[in-house]
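The chain contents come next:
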Amino acid sequence: GENVEQHPSTLSVQEGDSAVIKCTYSDSASNYFPWYKQELGKRPQLIIDIRSNVGEKKDQRIAVTLNKTAKHFSLHITETQPEDSAVYFCAAELGYTGNQFYFGTGTSLTVIP
Amino acid sequence: NAGVTQTPKFRILKIGQSMTLQCAQDMNHNYMYWYRQDPGMGLKLIYYSVGAGITDKGEVPNGYNVSRSTTEDFPLRLELAAPSQTSVYFCASNSLGSPEAFFGQGTRLTVV
């Protein structure tokens, strides 16, 4: 099956700085890569996603990049704010298995005011 | 729409007991999933279903069973609970052609 690795496991940044979280995947057949944000005690919620036919996608302060050749994708958060503090999960979907998601182990992001 | 609803939110079980975690969605989604989330870890897929009457194993199915008799409901059954099943369980769903998965609020299960 697919194997998704995520780094770093913890990340602290000063408010206003940028944060970058990286993920790698193993199965070249994966074709959909969502990022989920999970605030303490709450459910994961989708914040941005990218498909394998796109190299970059941006939504306000959040962007995701995908390198299919190297099989890695990254989440970029600019001008971080305290409310960005949460655990972020990347995932890869093996489309041919019918929407089966494989998640990374998560990155705990702390934005220091 | 309520989205994905899980019950209960919290539960303490004794070793060897059994229970059913309930999950219901009102978005007419084809796909439903059960994940477990251990402390400091990602989400591991237990079972999933692509439609009523169809279920399949994920990465960590041992000790669990599921059924999907309707589109809306996807209960997860734990038989003979073990301490290793202490975890937070999330149900999720999405629809054919729309990969965004919607999660329930989670069930925190402790087996003592």
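Presented here is an overview of the structure given in this document. (Residues numbered from 1 in each chain as written. Chains lettered and ligands numbered in written order. Predicted model: local features only at pLDDT ≥ 70, side-chain atom pairs only at ≥ 80, totals over all residues. Heavy atoms only, no water.)

The description of an aromatic ring pair rests on the distance of the ring centres and on the angle between the ring planes. Inspection of the entire model under this criterion finds 15 aromatic pairs over all chains. On the numbers, 6.0 Å between centres and 70 degrees between planes, the contact of Phe 101 of chain A with Tyr 33 of chain B is edge-to-face. Linking Phe 101 of chain A in strand β10 (residues 100-103) with Tyr 33 of chain B in strand β4 (residues 31-37), this pair reaches from one chain into another. Each of the two residues, Phe 101 of chain A as well as Tyr 33 of chain B, counts as buried. Centre to centre, the rings of Phe 103 of chain A and Phe 103 of chain B are 6.2 Å apart; their planes meet at 70 degrees, and the pair counts as edge-to-face. (Phe/Tyr/Trp six-rings, centres within 6.5 Å; stacked < 30°, edge-to-face > 60°. Helix = DSSP H or I, 4+ residues; strand = E, 2+ residues; numbered from the N terminus. Buried < 20%, exposed > 50% of the residue type's maximum accessible area, 1.4 Å probe, protein only.)

Okay, the interface of chain A and chain B next. Accessible area lost when the parts come together is the quantity often used to give the size of an interface. Contact with chain A, which involves 19 residues of that partner, is made by 23 residues of chain B. Note on chain A versus chain B: buried area summed over both sides is about 1700 Å², and carbon and sulfur give 55% of it. Counting across the chain A and chain B interface gives 0 salt bridges. At the junction of chain A and chain B, the tally comes to 3 residue pairs in polar contact (both at pLDDT 80 or more). Those elements that provide at least two residues to the side of chain A that touches chain B are β4 (30-38), β5 (45-51), β9 (86-94) and β10 of chain A. Here the side of chain A that touches chain B takes 4 residues from β10 of chain A, the largest share from any one element. (Contact = heavy atoms within 4.5 Å. Buried area = accessible area lost by both parts, 1.4 Å probe. Salt bridge = Lys/Arg side-chain N within 4 Å of Asp/Glu carboxyl O. Polar contact = N/O pair within 3.5 Å; in protein donor to acceptor, adjacent residues only side chain to side chain.)

Trp 35, Phe 73, Leu 75 and Leu 109 of chain A are the most contacted members of the largest nonpolar core, which has 25 residues in total. Counting residues per element, the ones that place at least two in this core are β2 (10-14), β3 (19-25), β4, β5, β7 (62-67), β8 (72-77), β9 and β11 (107-112) of chain A. The biggest single contributor to this core is β9 of chain A, with 5 residues. Not counting the four nearest positions on each side in its chain, Leu 109 of chain A is found in contact with Leu 11, Val 13, Ala 19, Ile 77, Asp 84, Ser 85, Ala 86 and Tyr 88 of chain A. Formed by 19 residues, the second largest nonpolar core is a distinct cluster that contains Val 4, Leu 13, Tyr 64 and Leu 78 of chain B. (Core = buried A, V, L, I, M, F, W, Y, C linked by side-chain atoms within 4.5 Å.)

It is worth spelling out unusual backbone geometry at this point. Glycine aside, the phi torsion of most residues is negative, and most peptide linkages are trans. Across the junction of His 7 of chain A and Pro 8 of chain A, the peptide omega takes the value -5 degrees, indicating a cis bond. Summarising the element assignment, Pro 8 of chain A is placed in the loop between β1 (4-7) and β2. Put simply, Thr 7 of chain B and Pro 8 of chain B share a cis peptide bond, and its omega is -5 degrees. Looking at the element boundaries, Pro 8 of chain B is found in the loop between β1 (4-7) and β2 (10-13). With a phi close to 50 degrees, Leu 80 of chain B is a non-glycine residue in the positive phi region.

Turning our attention to the sheet that holds β8 of chain A. Residues and elements named next belong to chain A. Within the open sheet, the 5 strands sit side by side as β1-β3-β8-β7-β6. Their pairing is antiparallel. Unpaired on one side and paired on the other, β1 and β6 (56-59) mark the two borders of the sheet. Adjacent strand axes in the sheet meet at a mean angle of 15 degrees when their direction is disregarded. (Pairing = 2+ DSSP bridges. Axes fitted to C-alpha atoms, helices over the stretch in contact; angles between N-to-C directions.)

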